[in-house]
Amino acid sequence: MGFSQASGMSSEPPASASEQSPSSLHSSTSLHLPENRRTRDRSPSPMRGYLIPSPLPTRRTRTYSATVRASEGPIYKGVCKCFCRSKGHGFISPADGGPDIFVHISDIEGEYVPVSGDEVTYKVCTIPPKNEKLQAVEVVITHLAPGTKHETWSGHVISS
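Below you will find a few notes about this structure. The structure displayed is predicted, hence computed values, not measured ones.

Each value, and the rule that gives it
- For every chain, the first residue of the written sequence is number 1, and numbering continues from 1 onward in sequence order.
- With pLDDT at 70 or above as the cut-off, local features in this predicted model cover only qualifying residues; side-chain atom pairs require 80 or more to be listed or tallied, and sums for whole chains, interfaces and linings still use all residues.
- Working from all heavy atoms in the structure, the side-chain values ignore hydrogens and water.
- Comment: elements are numbered from the N terminus, with helices defined as DSSP H or I runs of at least four residues and strands as E runs of at least two.
- Only protein chains enter the accessibility calculation, which uses a 1.4 Å probe; a residue whose area is less than 20% of its type maximum is buried, one above 50% is exposed, and one in between is partly exposed.
- Residues are treated as being in contact if the distance between any of their heavy atoms lies within 4.5 Å.
- In this description, a nonpolar core means a group of buried Ala, Val, Leu, Ile, Met, Phe, Trp, Tyr and Cys residues linked to one another through side-chain atoms lying within 4.5 Å.
- Note on pairing: DSSP must find at least two bridges between two strands before they are called paired.
- Only rings of Phe, Tyr and Trp enter the pairing, Trp through its six-membered ring, and a pair is recorded when the two centres are within 6.5 Å. The plane angle decides the type: under 30 degrees is stacked, over 60 is edge-to-face, the rest tilted.
- All axes are obtained by fitting lines to C-alpha atoms, using only the stretch in contact for helices, and the reported angles, taken between N-to-C directions, cover 0 to 180 degrees.
- Whenever a pair of cysteine sulfur atoms sits within 2.5 Å, that pair is classed as a disulfide.
- For this analysis, a salt bridge means a side-chain nitrogen from Lys or Arg found within 4 Å of a carboxyl oxygen belonging to Asp or Glu.

**Remarks on the overall build of the chain**
A tally of helices and strands in the chain yields three helices and seven strands. What you see in the chain, going N to C, is helices and strands ordered as α-α-α-β-β-β-β-β-β-β. With 160 residues in all, the chain has 22% of them scored as buried. Sequence-distant contacts in the chain: of pairs separated by 6 or more residues, those separated by 24 or more amount to 54%.

Below, the structure is given as structure tokens:
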């Protein structure tokens, strides 16, 4: 059964094992497993095929009450420690010290992508599920870091 399937996949006429050269045994078609052979059975998972949602509340997924609580809070000052546009997040070092605060791309106001050294103002919101860590929201760049290149969200680059 397996031999007839293997010879059916090849465009060359069927040959016996003794007539095949060693180079034809290592062709690209012989490296693939036959279609009817499975590597191993997995137990069925209710989440198979679905993406697990991120626990980080972005501007789109944050509840209205969390948004209101954050907007009513005090404004803090800090410096952008790092930000990766491709990953969509970064960290802010608070001016008063303490642990770095996470910032998501959806919570940055203004036209520039933050870079390391930019002075920012922000408000804070807790991160579920335990609400022990903080996330910066309503982040505004107040002073661009001198001597660096800044990019707008549309892709234009300026030097500061």
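Okay, back to it.
**Considerations on the nonpolar core**
C80, F83, I92, I101, V103, I108, V113, V120, Y122, A136, V139 and I141 together form the largest nonpolar core, which totals twelve residues. When residues of this core are traced back to their parent elements, those giving at least two are β1 (76-84), β3 (101-104), β4 (119-127) and β5 (133-143). Sort the elements by how many residues they give to this core and β5 lands first, with three residues. Apart from the residues lying within four places of it in its own chain, the contact partners of F83 are G88, H89, G90, V103, I105, I108, V113, P114 and W153.

**Looking at the pairing of β1**
In terms of strand pairing, β1 meets β4 through four bridges, oriented antiparallel. Each residue of the ladder has a partner; that of Y76, found in β4, is Y122. Across six bridges, the pairing between β1 and strand β2 (residues 89-94) is antiparallel. Residue pairing across strands places V79 opposite S93, the latter belonging to β2. Adjacent in sequence and paired antiparallel, β1 and β2 are bridged by four residues, among which G88 carries a positive phi angle near 85 degrees.

**What to know about the packing of aromatic side chains**
Here the structure, examined in full by the defined rule, presents two aromatic pairs. Seen in terms of ring centroids, F91 and F102 are 5.9 Å apart; in terms of plane orientation they differ by 75 degrees. Their pairing is edge-to-face. Of this pair, F91 sits in strand β2 while F102 sits in strand β3, and the two are eleven residues apart along the sequence.

**A few points about the sheet that holds β3**
Pairing in this closed barrel of five strands is mixed, and the strands run β1-β2-β3-β5-β4 around the ring. Across the sheet, the mean angle from the axis of one strand to that of its neighbour is 50 degrees, orientation sign disregarded. Helix α3 (residues 64-72) rests against β4 and β5 of the sheet, and its axis sits at about 140 degrees to β4.

**Looking at the state of the cysteines**
If you walk through the whole model with that rule in mind, you get zero disulfides. Not part of a disulfide, C84 finds its nearest cysteine sulfur in C82, a span of 8.6 Å. Exposure remark for C84: the relative accessible area of 27% places this residue in the partly exposed category.

**A look at the pattern of salt bridges**
Taken as a whole, this structure holds three salt bridges when the rule is applied. Residue D100 is joined to K81 by a salt bridge in which the shortest nitrogen-to-oxygen separation is 2.6 Å. With D100 in the loop between β2 and β3 and K81 in strand β1, this residue pair connects regions lying 19 residues apart in the sequence. Assessed through its relative accessible area of 32%, D100 is described here as partly exposed. The salt bridge partner of K123 is E138, with a shortest N-O separation of 3.4 Å. Within this pair, whereas K123 is found in strand β4, its partner E138 is found in strand β5, the two being separated by 15 residues in sequence. Its relative accessible area of 31% is what places E138 among the partly exposed residues.

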